[in-house]
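Inside the fold
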Amino acid sequence: MIIGIRELKAGMLALLIAAALCLQSKGVEASERETLVVAGGCFWCVEADFESVKGVKEAVSGFAGGRTQNPTYKQVTGGNTGHYEAVQIQFDPDVVSRKTLLDLFFRSIDPTDAGGQFCDRGESYRTAIFAGSPAQKSAAEAAKAEAQTALGAKVVTPILGDAPFYPAEDYHQDYYKSSERLAFSSVGVAVKKSVAYKRYRNGCGRDARVKQLWGSAAPFVK
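Definitions and limits used
- Residues numbered from 1 in each chain as written.
- Predicted model: local features only at pLDDT ≥ 70, side-chain atom pairs only at ≥ 80, totals over all residues.
- Heavy atoms only, no water.
- Salt bridge = Lys/Arg side-chain N within 4 Å of Asp/Glu carboxyl O.
- Helix = DSSP H or I, 4+ residues; strand = E, 2+ residues; numbered from the N terminus.
- Buried < 20%, exposed > 50% of the residue type's maximum accessible area, 1.4 Å probe, protein only.
- Axes fitted to C-alpha atoms, helices over the stretch in contact; angles between N-to-C directions.
- Parallel < 35°, antiparallel > 145°, perpendicular 65-115°, else oblique.
- Left-handed = near helix turned anticlockwise from the far one by under 90°.
- Contact = heavy atoms within 4.5 Å.
- Nonpolar A, V, L, I, M, F, W, Y, C, P; charged D, E, K, R; others polar.
- Arc of directions from axis to C-beta.
- 1 Å grid on protein atoms, 1.4 Å probe; cavity = no way out; pocket = protein on both sides within 12 Å on 5 of 7 lines; lining within 4 Å.
- Points joined across faces, edges and corners; volume = space filled by probe spheres on them.

1. Focus: the pattern of salt bridges
- Applying the stated rule across the entire model yields 10 salt bridges.
- Residues R98 and E34 are paired through a salt bridge, measuring 3.2 Å at the closest nitrogen-oxygen approach. You can see R98 sitting in helix α4 (residues 98-106) and its partner E34 sitting in strand β1 (residues 34-40), a full 64 residues away along the chain.
- Here E34 falls in the partly exposed class, since its relative accessible area comes to 31%.

Quick look at the structure:
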């Protein structure tokens, strides 16, 4: 009976040590992540672009910069919320730097357009970078100045202060790679979301305009 108690105590100790190591590991992983929030027009496209970048852990479609708390997609696209369609990019700075992501962002949009992006017009489709600290603001301003010099045209994308980020409905997440079928859409009936996304992106002229602006420097143009 005494041996059984000792074995039980040893087993419990082993479990506690394993749990502690697991929590420590998760804490280290979490500390490696940084966040960048940007608005670049249609959030499906921005999410798709940045989830292809090595070092990006996750890109989440959502809204930022407006007055309405926990807005819906319908509210934002309807206007008067002040929100941008935005994407929260979580990345490992040991693999990809904030500067690199900012440079990629500017070269994946039309930063000369203040009224929206490509075929999508209106306040929710404007471009912006949200800076959560003085260091982030400085990095964003430097990337903007560099993009303006490289482009040879005025860049109108604003650098805004920190703002709450609200994830969009689950329906919008990973839209570009979803095999779920849509009963009806503007680009077809009973098509997969992934197919609808490609048709939308092509029809909206996103890649064509980005290539026209940036040429071979455009990172995501197929």
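2. Some details on the packing of α4 against helix α5 (residues 134-151)
- Orientation of α4 relative to α5, taken along the N-to-C sense of each, is 45°, at an axis distance of 9 Å. One element, α4, and the other, α5, form an angle in the oblique class. Of the two possible hands of crossing, α4 and α5 adopt the one that is right-handed. Mapping the contact onto sequence places R98, K99, L102, D103 and F106 in α4 and Q136, A139, A140, A143, K144, E146 and A147 in α5.
- Of the residues assigned to the contact of α4 with α5, the class counts are six nonpolar, one polar and five charged.

3. Overview of helix α7 (residues 206-214)
- Within α7 the residues assigned to the buried category are R206, V210 and W214. For α7, the angular spread of the buried residues around the axis is 35°, confining them to a single face. Turned more than 90 degrees away from the buried face of α7, the exposed residues are A208, K211 and Q212.
- Against the buried residues of α7 lie β1, α2 (43-50), α4, α5 and α6 (193-204).

4. Some thoughts on the layout of surface pockets
- Taken as a whole, the largest pocket holds about 190 Å³ of empty space.
- Residue lining of the largest pocket: A48, D49, E51, S52, Y176, Y197, K198, R201, N202, D207 and K222, and that is the complete set.
- Per-element accounting of the lining of the largest pocket gives the leading share, four residues, to α6.
- For the lining of the largest pocket, the per-class residue count stands at three nonpolar, two polar and six charged.

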